[in-house]
Number of protein chains: 2
Amino acid sequence: MTNTIDIQKLLSGDRRSIARAISFVENENAGAEQFLSALYPHTGKAYRIGITGPPGAGKSTLTNKLAKHYRSQSMKVGIIAVDPTSPFTGGALLGDRVRMSEVEMDEGVFIRSMASRGSLGGLSKKTREAADILDAAGFNIILFETVGVGQSELDIAGAADTTVVVLVPESGDGIQAMKAGLMEIADFFVMNKSDRPGADQAVMSIKMILGFRAHDEHSWMADVVKTTASEGIGIDSIASETTRHREYLTRSGEFEKRRARQLKARIEEIISDKFTVTFWNTERKQKLELELSGILTRSRTPYDVAEELLKK
Amino acid sequence: MTNTIDIQKLLSGDRRSIARAISFVENENAGAEQFLSALYPHTGKAYRIGITGPPGAGKSTLTNKLAKHYRSQSMKVGIIAVDPTSPFTGGALLGDRVRMSEVEMDEGVFIRSMASRGSLGGLSKKTREAADILDAAGFNIILFETVGVGQSELDIAGAADTTVVVLVPESGDGIQAMKAGLMEIADFFVMNKSDRPGADQAVMSIKMILGFRAHDEHSWMADVVKTTASEGIGIDSIASETTRHREYLTRSGEFEKRRARQLKARIEEIISDKFTVTFWNTERKQKLELELSGILTRSRTPYDVAEELLKK
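Described in the following lines is the structure provided in the data block. All residue numbers here refer to positions counted from 1 along the written sequence of the relevant chain. As a convention, the first chain written is A and the first ligand written is 1, with the rest following in written order. Predicted model: local features are reported for residues with pLDDT of at least 70 only, side-chain atom pairs are reported and counted for 80 or more only, and whole-chain, interface and lining totals are derived from all residues.

**A closer look at the environment of Ala67 of chain B**
Residues and elements named next belong to chain B. Rules: Helix and strand labels come from DSSP, where a helix needs a run of H or I of at least four residues and a strand needs a run of E of at least two; each type is numbered from the N terminus. Whether a residue is buried, exposed or partly exposed is read from the other C-beta atoms within 10 Å of its own C-beta, which are placed from the backbone; 20 or more gives buried, 12 or fewer gives exposed, and intermediate counts give partly exposed. Note on contacts: each residue gets a C-beta atom placed from the backbone, and two residues are in contact if those atoms are within 7 Å.
Here Ala67 lies in helix H4 (residues 59–72). Looking at Ala67, the number of C-beta atoms within 10 Å reads 28, which means it is buried. Aside from chain neighbours lying at most four places away, what touches Ala67 is Val77, Ile79, Val103, Val109 and Leu143.

**Observations regarding the nonpolar core**
In summary, soluble globular proteins display a tendency toward joint burial of nonpolar side chains. We count it as follows: Residues enter a nonpolar core if they are buried, belong to Ala, Val, Leu, Ile, Met, Phe, Trp, Tyr or Cys, and are joined to the set through C-beta atoms within 7 Å.
With 76 residues, the main nonpolar core has Ile133, Leu134 and Leu143 of chain B as its most contacted residues. In this view, Leu134 of chain B contacts Ile18, Ala46, Gly78, Phe110, Phe139 and Ile142 of chain B; residues no more than four positions away in its chain are not counted. Counting residues in hydrophobic clusters, the runner-up holds 75 residues, among them Ala130, Leu134, Ala137 and Ile238 of chain A.

**Section: the packing of helix H13 (residues 302–311) of chain A against helix H11 (residues 254–279) of chain B**
This is how it is decided: As a rule, the C-alpha atoms of each element are fitted with a line to give its axis, helices using only the stretch in contact, and angles between N-to-C directions run from 0 to 180 degrees. In these notes the angle categories are as follows: under 35 degrees is roughly parallel, over 145 is roughly antiparallel, 65 to 115 is roughly perpendicular, and the rest is oblique. Each crossing is labelled by how the near helix is turned from the far one, with a counterclockwise turn of less than a right angle marking it left-handed and a clockwise turn marking it right-handed. Three classes are used: nonpolar for Ala, Val, Leu, Ile, Met, Phe, Trp, Tyr, Cys and Pro, charged for Asp, Glu, Lys and Arg, and polar for all others, with Gly counted as polar.
Running from amino to carboxyl end, H13 of chain A crosses H11 of chain B at an angle of 55 degrees, the nearest separation of the two axes being 9 Å. Taken together, the axes of H13 of chain A and H11 of chain B lie oblique to each other. At the point where H13 of chain A passes H11 of chain B, the crossing takes the right-handed sense. Along its contact with H13 of chain A, which presents Pro302, Tyr303, Val305, Ala306, Leu309 and Leu310 of chain A, the element H11 of chain B presents Leu263, Arg266, Ile267, Ile270, Ile271 and Lys274 of chain B. Each residue belonging to the contact of H13 of chain A with H11 of chain B can be placed in one class, and the counts come to 10 nonpolar, no polar and two charged.

**Quick notes on the packing of H4 of chain B against helix H10 (residues 235–252) of chain B**
When two helices pack together, their arrangement is given by the angle between the helix axes and the distance between those axes. Residues and elements named next belong to chain B. Relative to each other, H4 and H10 sit at 70 degrees, their axes nearing to 9 Å. Classified by the interaxial angle, the pair formed by H4 and H10 is roughly perpendicular. The chirality of how H4 crosses H10 is right-handed. Taken together, the residues of H10 that come into contact with H4 (itself represented by Lys65, Leu66 and His69) are Ile235, Asp236, Ile238 and Ala239. Taken together, the residues that form the contact of H4 with H10 break down as four nonpolar, one polar and two charged.

Written out as structure tokens, the structure reads:
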């Protein structure tokens, strides 16, 4: 219940209250929605940065260093790492913990891993809600770190103000990035591990394709920032490119438009989730189970059965 | 309407009918569902193989070669490539066309690209429906090729009988694959471009983590197959590993269970899609638009507005 979490303490930044609030929301406890509604007026101040890219691009290290950078400017940083947990580890992986340890002990940084597997949809909803909790608790910067290539369920571009796509020279050329749908979501690219061979060529290839985009002098031009996150090289460039993008969003009015779009998608998701929960009651679940064998043997079709369930 | 596509011609494998049927379904024309219902009794014979992995892993080349392999055994092969098209190309990319050209002129191969961006959900539904069309038209093998890392909306594991995850030595180690959620969906791994340095080490690292999985002598042991797809090396190993997996599925009864699970998910998706289409009528869309500014300024919350829309 909401009275087990002290909203005033949460708003003042109390870490235990934050942790409990996120669990509360993550487990979809009854009352979570009222709690989030009560919190909502206190949100909207934090700047949300999405960090995504293929596995092995060094996103965790980069997120860690970026958090340190913002800390050095006295900003409080929340990190939400979407962690597709494995059924045989059943939790956040050791690797992350090790790499995140540089900021873990810092009171001004709050790190939370959220599992993507096993959650029946609703992940992007929960991730945004966790971000709202951190936002209300006074965190200035929220970093979402996620493996995202292709049409990810957690479409990070739908939760962030600025989306950074992290690649490495081995990620393939610009055509590959385009194929993976990364060009559309990237507000800018980071070429990490840029001390490796092929880095300049990879940067050029991305820039070339970015150059084909329709744009005029008022529109945003996505760029490529080179980093070697493990040595802290280029982290300040990520921060300054983010600032440049933030200024562009504000100046152009795109910031409000983007947040409005995200809000719309969010409400659509809340409604879909509610429908699903309400629709799939015990009776309908049983009915579906009973019909499965008939559909498998082709005496019925999925469409008939769906229609019948909807009519019930 | 369904009468514009001759079902008998489609069932006999007529290419124009297939192409039109897929477009018909893809564009969600009225009558698409009746059409699919009529087709459904003729489906279920094709074996469905998902080929997924990070961008740049060489999935297109590998798919191409695998199609050629099955053709050499007189099987008809359908390829469904999920292609996150870019807003500035607006279609399938040249790269694919070039790489696919080896099998493109073959009458026994049917290739279809489906765009993932811009489609408001429902992609996995459409992909499965396209596969059903090819299945009914007498294709023996259906290859889904998709960029899929993390919680992809088109969860290929939900559409395929056997899911192959393609990695390259540069994709990162086993921990990275685990983090990306690939361990759960892979029925086996392919280490492509295995002539590159670090291949053996990468294979070892994946095998080591696979070894940690709980299993007994009756359960399936995912393995790693080494290939150099561009030179055709190891393609027969992919085919034989797929056969081995298929035999395991049949022997263990897992095949029926898996198809039943997929069917359930499919019906859930049909129902969600129908709900969304019905729910978001003009009146509700307008209402949402009107409320957005109030939510952005925090005088209302997304939850209130969702509740109100649901009550309407």
